[in-house]
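Structure assessment
Here is what each chain is made of, one letter per residue.
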Amino acid sequence: MANSIWTIEEFTCPGCSMNYIATREEHAEPHSGHFKCSICSGVVHSWSGKHHFFGWSAVKTKPPVFGRRWAGVGW
């Protein structure tokens, strides 16, 4: 039975640099697994031990906006 220790961790795909987050849960029994990138199918993270990762999702970031530094400034 899992206890209530959960942490959110961030991972980066070594193949394409896509960022992901996942929840790590501690367990009494050993677990193993891996997660593959949805973009390039590279292995983002592999694990083995008394923990499990679930809820994988891509980190959504906004692209930088170039040439808009002074937007909203009344000149």
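In this convention, every chain numbers its residues from 1, walking through the sequence in written order. Reporting of local features is limited, given that this is a predicted model, to residues whose pLDDT is at least 70; pairs of side-chain atoms are given and counted only at 80 or more, and all residues count toward the totals for whole chains, interfaces and linings. Neither water nor hydrogens contribute to the side-chain values; these are computed over all heavy atoms in the structure.

An unreviewed UniProt entry annotates the chain as C2H2-type domain-containing protein originating from Bradyrhizobium barranii.

1. Looking at the overall build of the chain
Let me state the cut-off plainly: Each helix corresponds to a stretch of at least 4 residues labelled H or I by DSSP, and each strand to a stretch of at least 2 residues labelled E; elements are numbered beginning at the N terminus. Burial status follows relative accessibility: with a 1.4 Å probe on protein chains alone, a residue under 20% of its type maximum counts as buried, one over 50% as exposed, and anything between as partly exposed. In this analysis, two residues are considered to be in contact whenever any of their non-hydrogen atoms come within 4.5 Å of each other. Each accessible area is a Shrake-Rupley result for a 1.4 Å probe, and residues are judged covered by the shown protein chains and nothing else.
Summing up its helical and strand segments, the chain has 0 helices and 3 strands in all. Secondary structure elements of the chain, listed N to C terminal, follow the sequence β-β-β. A buried classification covers 20% of the 75 residues belonging to the chain. Residue pairs at least 24 apart in sequence account for 41% of intrachain contacts in the chain once pairs closer than 6 positions are excluded. Carbon and sulfur atoms provide 57% of the accessible area of the chain, an area that totals close to 5800 Å².

2. Some details on the sheet that holds strand β3 (residues 43-58)
Keep this limit in mind: Pairing between strands requires that DSSP locate at least two bridges from one strand to the other. Axis definition: a line fit to C-alpha positions, over the contact stretch in the case of helices; interaxial angles, taken between N-to-C directions, run 0 to 180 degrees.
The strand order β1-β2-β3 describes an open sheet built from 3 strands, whose pairing is antiparallel. Looking at strand neighbours, the two that pair on one side only are β1 (6-12) and β3, the edges of this open sheet. Going across the sheet, the axis of each strand differs from the next one's by a mean of 35°, ignoring polarity. The pairing of β1 with strand β2 (residues 19-36) spans 7 bridges and is antiparallel. Within β2, the residue paired with Thr7 across the bridge is Arg24.

3. Quick notes on the pattern of salt bridges
Convention followed: Salt-bridge detection follows one rule: a side-chain nitrogen of Lys or Arg within 4 Å of a carboxyl oxygen of Asp or Glu.
Under the defined criterion, the tally for this structure stands at 2 salt bridges. One salt bridge in this structure joins Glu9 and Arg24, with 3.9 Å as the shortest N-O distance. Of this pair, Glu9 sits in strand β1 while Arg24 sits in strand β2, and the two are 15 residues apart along the sequence. Residue Arg24 is classed as partly exposed on the basis of its relative accessible area of 23%. Because the salt bridges share partners, they merge into one network encompassing Glu9, Arg24 and Glu26.

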